[in-house]
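Inside the fold
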Amino acid sequence: MGTLNCHHFLRFLLKIVLLFSSICELSVGSELSFVTCGSVIKLLNVKHNVRLHSHDVRYGSGSGQQSVTGVSAVEDSNSYWSIRGTSDASCTRGTPVKCGQTIRLTHVNTGRNLHSHYFASPLSSNQEVSAFGDEGEGDHLDEWTVQCGGSVWKREESVRFRHKSTDGLLSVTGEQYGRPIHGQMEVHAMSNPSQHSLWKVMEGIFMKPSESPAGSRDYSHIHTEL
């Protein structure tokens, strides 16, 4: 099986697992207290109670790239994002994501990365946030730094995501779209921290570090639990 076909097959299997998790309202690996590399998660904007979302609908203005929104629905599979390393720094599956670490968030269903740039967002004219790339590969504008209070990103805490290239913070301020995505909220980036830029991990599949035979931590394998 070729590399590209293998990638498509693995993503198909992941979608099946995520669909099962959504139907059964499960969080796999839910005993972990921290967020790990390789995990597939939903992110909730704490202020507006919407989950970070994308879909194959492009902006009609600005960059024309795939739109990123906030949705109130809990069970929507288009709200799953995979935590990945950058082109310069790997993010080994199962390792805790550190506060201050730069990551990419890849939209599972479309394979595009959370992205930002200096285009104006369509409703608020803040900094546009889009989904960009192909099969998880985009450019340096896909990189976000996790801002949290301790040494690692803990699941119960609210965090911020600062865009590495522009310093904008991933935010929601409540503006709602009309058709064809009626009721979904605009997601954009803003320079100043506020309650609008706080996010918390919700549902997902959390990659778990395993124990090596000698008893020390071994992050080379994926362990999940139902």
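As a reminder, the structure under discussion sits directly above these lines.
Report follows, based on the coordinates. Everything numeric in this text was worked out from a predicted model, so none of it was measured. (Residues numbered from 1 in each chain as written. Predicted model: local features only at pLDDT ≥ 70, side-chain atom pairs only at ≥ 80, totals over all residues. Heavy atoms only, no water.)

With that settled, consider the overall build of the protein chain. If you tally the helices and strands in the protein chain, you get 1 helix and 15 strands. Taking all 226 residues of the protein chain together, 50% fall into the buried category. The long-range fraction of contacts in the protein chain, counting pairs at least 24 apart against all pairs at least 6 apart in sequence, stands at 65%. A total of about 10,600 Å² of accessible surface is found on the protein chain, and carbon and sulfur atoms cover 52% of it. (Helix = DSSP H or I, 4+ residues; strand = E, 2+ residues; numbered from the N terminus. Buried < 20%, exposed > 50% of the residue type's maximum accessible area, 1.4 Å probe, protein only. Contact = heavy atoms within 4.5 Å. Areas by Shrake-Rupley, 256 points an atom, 1.4 Å probe, with all protein chains shown as cover.)

On inspection of all chains with the given rule, the structure shows 1 aromatic pair. In this structure, Lys42 packs its charged tip against the face of Tyr80, placed 4.7 Å from the ring centre. A cation over an aromatic ring shows up here: Arg155 above the ring of Phe206, its NZ or CZ 3.7 Å from the ring centre. (Phe/Tyr/Trp six-rings, centres within 6.5 Å; stacked < 30°, edge-to-face > 60°. Lys NZ or Arg CZ within 6 Å of the ring centre and 35° of its normal.)

Among the secondary structure elements, His107 is positioned in strand β5 (residues 102-107). Within the local environment of His107, its side chain forms a polar contact with the backbone oxygen of Asn78, the two atoms lying 2.7 Å apart. Residue contacts for His107: discarding those within four places in its chain leaves Ser54, His55, Gln66, Asn78, Tyr80, Trp81 and Arg112. (Polar contact = N/O pair within 3.5 Å; in protein donor to acceptor, adjacent residues only side chain to side chain.)

Scanning the model with the defined rule gives 5 salt bridges in all. Here Glu137 and Arg84 are joined by a salt bridge, their closest N and O atoms 3.2 Å apart. Of the two residues, Glu137 is situated in the loop between β7 (127-132) and β8 (144-147) and Arg84 in strand β4 (residues 81-84); the sequence distance between them amounts to 53 residues. According to the relative accessible area criterion, Arg84 is partly exposed, its value standing at 21%. Linking Glu137 and Arg104 is a salt bridge whose minimum nitrogen-to-oxygen distance equals 3.5 Å. Highlighted residues: Glu137 in the loop between β7 and β8 and Arg104 in strand β5, separated in sequence by 33 residues. (Salt bridge = Lys/Arg side-chain N within 4 Å of Asp/Glu carboxyl O.)

Following Arg179, the chain continues into Pro180 via a peptide bond in cis, with omega recorded as 5°. Locating Pro180 in the fold gives a position in the loop between β10 (169-171) and β11 (185-186). Phi angles above zero are rare outside glycine, and Asp167 is one such case at about 70°. Mapped onto the secondary structure, Asp167 falls in the loop between β9 (160-163) and β10.

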